[in-house]
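Here's the letter readout for the chains.
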Amino acid sequence: LGELPKRASDVLERRFGIGKATKRQTLEAIGKRYKITRERVRQIERDSIQRVRKGHVYAELAPLFASFNDAVAAVGSVVREDTLLGMFEKDRSVGNEVRFLFTLAPQLIHRGETDAFQARWGISDVTMDAVERALSHVAGAALEKQRTMSYQELSGAVSTALAQYAILEVDPAAVACYLAISKYIDEN
């Protein structure tokens, strides 16, 4: 961040809760501080991330970014954010910094929390879309049955649903990661 102008650096620190900022701040809160719109804060954030990616320090992080990509690929190419954070943060106090590094990683895709899904990271939009559709389909089918389903039933249903999206062979550990993404499917 030292290569960025002061305001750009400050916006990233506040948005991600890194550096001097200890908590993540909203676009609106940062906008009020600088007397600019949320959209302008978003533009500064996006531009600042692009500048960091062009900086000389960024290239030195390539091995770290490759390890992020490998970790996501190893669990089925889509993983819940807190699970991925747990793989890389030794100390909970550095979670925001690790999340910032995930954001900088060129191949990682972030999808924020929604009514149906937890915040998640992936390495392919196509796979993420297929997993989300499959989970939605399985959750709907489970709701129609109006009964608790065993893990084996859920796992099989997810694998079958994924096959409809040309994801034919799914590792059981990947299915477990996928199920953890859904807010409509949970263990009891």
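(A) Region of the structure containing the packing of aromatic side chains. Counting across every chain of the model gives seven aromatic pairs. Ring centres 6.0 Å apart and planes at 80° place the aromatic pair F88 and F102 in the edge-to-face group. Here the residue F88 occupies a position in helix α6 (residues 81–88), and F102 occupies one in helix α7 (residues 95–104), the gap between them amounting to 14 residues. Residue F88 is classed as partly exposed on the basis of its relative accessible area of 25%. Measuring from ring centre to ring centre gives 5.5 Å for F102 and W121, while their planes differ by 65°; the resulting arrangement is edge-to-face. Residue F102 is found in helix α7, and its partner W121 is found in strand β3 (residues 120–122); the two are separated by 19 residues along the sequence. Each member of the pair, F102 as well as W121, carries the same accessibility label: buried. In this structure an aromatic cluster arises from ring pairing among Y58, F65, F68, F88, F102 and W121. The ring of Y34 has R7 lying over it, and the distance from NZ or CZ to the ring centre is 5.9 Å.

(B) How the structure looks around unusual backbone geometry. The backbone phi angle of S77 is positive, close to 75°, even though this residue is not glycine. Turning to its location among the elements, S77 is positioned in the loop between α5 (62–74) and β1 (78–80). The residue Q146 is not glycine, and still its phi comes out positive at about 50°. By the secondary structure assignment, Q146 is in the loop between α8 (125–145) and α9 (151–163).

(C) The environment of G112, seen in detail. For G112, the position within the fold is in the loop between β2 (109–111) and β3. Here G112 falls in the partly exposed class, since its relative accessible area comes to 32%. In this structure the C-alpha to C-alpha distance between G112 and A130, which are 18 residues apart in sequence, comes to 17 Å. Those residues in contact with G112, other than ones at most four positions away along the chain, are Q118, A119 and R120.

(D) Fine view of the nonpolar core. In this structure, L12, L84, F102, L104 and L108 are the most contacted members of the largest nonpolar core, which totals 29 residues. Elements with a contribution of two residues or more to this core: α1 (6–16), α2 (27–34), α3 (38–54), α5, α6 and α7. If sequence neighbours within four positions are ignored, L12 has contacts with L1, L4, G17, I18, E45, S48, I49, V52 and F100. Ranked by size, the runner-up nonpolar core spans 24 residues in total, among them V78, V158, A161 and I181.

So, how was this worked out
- Residue numbers here run from 1 along each chain, matching the order of that chain's written sequence.
- With the structure being a predicted model, the display of local features is reserved for residues of pLDDT at least 70 and the display and counting of side-chain atom pairs for 80 or more, all residues being used for whole-chain, interface and lining totals.
- Hydrogens are left out, water is left out, and the side-chain values use all remaining heavy atoms of the structure.
- Aromatic pairing here means that ring centres of Phe, Tyr or Trp (its six-membered ring) are within 6.5 Å. Orientation follows from the plane angle: under 30 degrees is stacked, over 60 is edge-to-face, and everything else is tilted.
- Only DSSP runs of H or I reaching four residues or more are called helices, and only runs of E reaching two or more are called strands; each is numbered from the N terminus.
- Any residue under 20% of the maximum accessible area for its type is buried, any over 50% is exposed, and the rest in between are partly exposed; the area is computed with a 1.4 Å probe on protein chains only.
- Any Lys NZ or Arg CZ that is within 6 Å of a ring centre and within 35 degrees of that ring's normal is treated as a charge sitting over the ring.
- By the convention used here, residues are in contact when the closest approach between their heavy atoms is within 4.5 Å.
- Here, nonpolar core means buried Ala, Val, Leu, Ile, Met, Phe, Trp, Tyr and Cys residues that are tied together by side-chain atoms lying within 4.5 Å of each other.

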